[in-house]
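Below are the chains, spelled out letter by letter.
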Amino acid sequence: MNSSAKVLVVEDDKTLREALCDTIEYGGYNVASAANGVEALERLEAETVDMVISDVQMDVMDGHTLLRKVKSLRPELPFVLVTAHGTVEKAVEAMRQGATDYLIKPFEAQVLLEMVSRLDTTLTGSATGMVAEDPGMLSICELSRKVAASPATVLISGESGTGKEVVAQYIHQHSNRVDQPFIALNCAAIPEAMLESILFGYEKGAYTGATQARAGKFEQANGGTLLLDEISEMDLGLQAKLLRVLQEKEVERLGGRAPIPLDVRVLATTNRKLQEEVASGRFREDLYYRLNVFPVQIPPLRHRPKDILPLAKMLLQRHVEDRSMNLTPEAELRLLSHSWRGNVRELENCMHRATIMASSDQITEADIYFEEALTPALETCAQASEESVALLDGGLKDKEKQLIVSALNTVAGRRTDAAKLLGISPRTLRYKLARLKEQGVAIPAVV
């Protein structure tokens, strides 16, 4: 799963809303929240959301009304209704009106995450190619087009943030399976206890909370391509079951008895040296050779300098869809001189910060902030946020309060952008803002 996916949780019960947000964030997703339908529509106008999970019974605007309004604005957006036992019939009717699925209260965290993972479409976007101008990446493109024409399993390796998932999509798009599903599963983002059921699927009653049968990722990808992202994070026991599926070309759901034939092209990625993982006993040797039929090694961004500026310009526009922004020559030189240890992911964060800091359509050298160059005060704030929320219980320090308010003013009150600027998660920022409000601090509103 792609960590950039954002789920909007709409629930008027604060305790349940926070629990849902925590569970979804634990699964590796970004989360936005709203207390009712009206607030949810405001969030949808202010930020990009990939999925909506909404309670049915809410004051101000209920889930059914929100569903109709969301579908009129974004008919393609996955929308899940959460309902109590007494309103199942209404939920089924809502599915006929456009809801993607529904959850029945009470439900296990595993069921919620499985549904989110199943509906996640962030890796099935409409990208038609890679940004590649450096000779190193041009050779990767050529290699990928050649292997795409075969059914061979491909192992894509490289440092975190180099674009391994993009290469996997590129291979799928140049294969004869391009019109079939491209399904991705991030093995590092899903809790170990849930990974097996998400991968292989399950029958109704297979475990507590399994109220209906679900197809796993293999079944969803049947006829197409399955990407196993960060395969090295998979537990050894599950590796053995995966190997059996790859060898037999059939899968059996948890709690099921009948094997399901498969026609799936498997791609896998890793940011580790799998041969070393095999030698240390953390990865099965037989599975390694099953996956490593055709290896593709993605070079780090610092080894392909001609890609830096084209990627920066593309990523810049991703965050300013409604206008055009350009880099000054001085800003370009600053980008080219950086080592980019975080690769393309670091570059994307840098460009997002630049769009927040820029005062015009020109990104200047002064708008370029590298992670290690952020002010010590911001770093202290971020470290305190991640390491100890206990700071909040004793009262926020004046400096931290000033930083949060200043960040909100800088980004016109947008919470998600303020969190990125401060280097903390949106969840942590919401927690801090709640404490500030309790102290009577005026919080800048969204402009």
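If you're wondering where the values come from, they're calculated on a predicted model, not measured in any experiment.

Thresholds, definitions, all that
Residues numbered from 1 in each chain as written. Predicted model: local features only at pLDDT ≥ 70, side-chain atom pairs only at ≥ 80, totals over all residues. Heavy atoms only, no water. Pairing = 2+ DSSP bridges. Helix = DSSP H or I, 4+ residues; strand = E, 2+ residues; numbered from the N terminus. Axes fitted to C-alpha atoms, helices over the stretch in contact; angles between N-to-C directions. Core = buried A, V, L, I, M, F, W, Y, C linked by side-chain atoms within 4.5 Å. Buried < 20%, exposed > 50% of the residue type's maximum accessible area, 1.4 Å probe, protein only. Contact = heavy atoms within 4.5 Å. Phe/Tyr/Trp six-rings, centres within 6.5 Å; stacked < 30°, edge-to-face > 60°. Parallel < 35°, antiparallel > 145°, perpendicular 65-115°, else oblique. Left-handed = near helix turned anticlockwise from the far one by under 90°. pLDDT = per-residue confidence, 0-100.

Here we look at the sheet that holds strand β2 (residues 30-34)
Here comes step 1: What the five strands build is an open sheet, ordered β2-β1-β3-β4-β5; its pairing is parallel. A strand with exactly one partner marks an edge of an open sheet, and here the two such strands are β2 and β5 (101-104). On average, each strand axis in the sheet is tilted by 20° relative to the strand beside it, whichever way the strands run.
Here comes step 2: Where strand β1 (residues 6-10) and strand β3 (residues 51-55) come together, four bridges link them in parallel fashion. Paired with Val 9 across the bridge in β3 is Ile 53.

What about the nonpolar core?
Here comes step 1: Within the largest apolar cluster, 33 residues are counted, with the highest numbers of intra-cluster contacts made by Phe 218, Leu 228 and Ile 231.
Here comes step 2: Among the secondary structure elements, those contributing two or more residues to this core are β7 (182-186), α8 (192-200), β10 (225-229), α10 (236-248), β13 (265-270), α11 (274-279) and α12 (285-291).
Here comes step 3: Residue contacts for Phe 218: discarding those within four places in its chain leaves Leu 199, Phe 200, Leu 226, Leu 242, Val 245, Leu 246, Leu 262, Val 264 and Val 266.

What to know about the environment of Ile 260
Here comes step 1: Note that Ile 260 resides in strand β12 (residues 260-261).
Here comes step 2: Assessed through its relative accessible area of 22%, Ile 260 is described here as partly exposed.

Concerning the packing of aromatic side chains
Here comes step 1: With the rule as written, the count across this model stands at three aromatic pairs.
Here comes step 2: Seen in terms of ring centroids, Trp 340 and Phe 370 are 5.5 Å apart; in terms of plane orientation they differ by 85°. Their pairing is edge-to-face. Residue Trp 340 is located in the loop between α14 (329-336) and α15 (343-357), and its partner Phe 370 is located in the loop between β16 (362-363) and α16 (376-387); the two are separated by 30 residues in the primary sequence. Side by side, Trp 340 and Phe 370 carry an identical accessibility label, which is buried.

Here we look at the packing of helix α6 (residues 135-148) against helix α7 (residues 164-173)
Here comes step 1: For the pair α6 and α7, the least separation of the axes is 8 Å and the interaxial angle reads 45°. Judged on the interaxial angle alone, α7 and α6 are oblique. Crossing of α6 over α7 shows right-handed handedness. Between α6 and α7, the residues in contact are Ile 140, Cys 141, Ser 144, Arg 145, Val 147 and Ala 148 and Val 167, Tyr 170 and Ile 171, respectively.

A look at the environment of Ala 215
Here comes step 1: Mapped onto the fold, Ala 215 is located in strand β9 (residues 214-215).
Here comes step 2: As a C-alpha pair, Ala 215 and Phe 200 span 15 residues in sequence and 7.2 Å in three-dimensional space.

Topic: the confidence of the model for the protein
Here comes step 1: Across the protein, the average pLDDT comes to 83, with 87% of residues at or above 70.
Here comes step 2: The model gives residues 121-128 a pLDDT under 50, and that stretch makes 16 contacts with residues more than four places away or in other chains.

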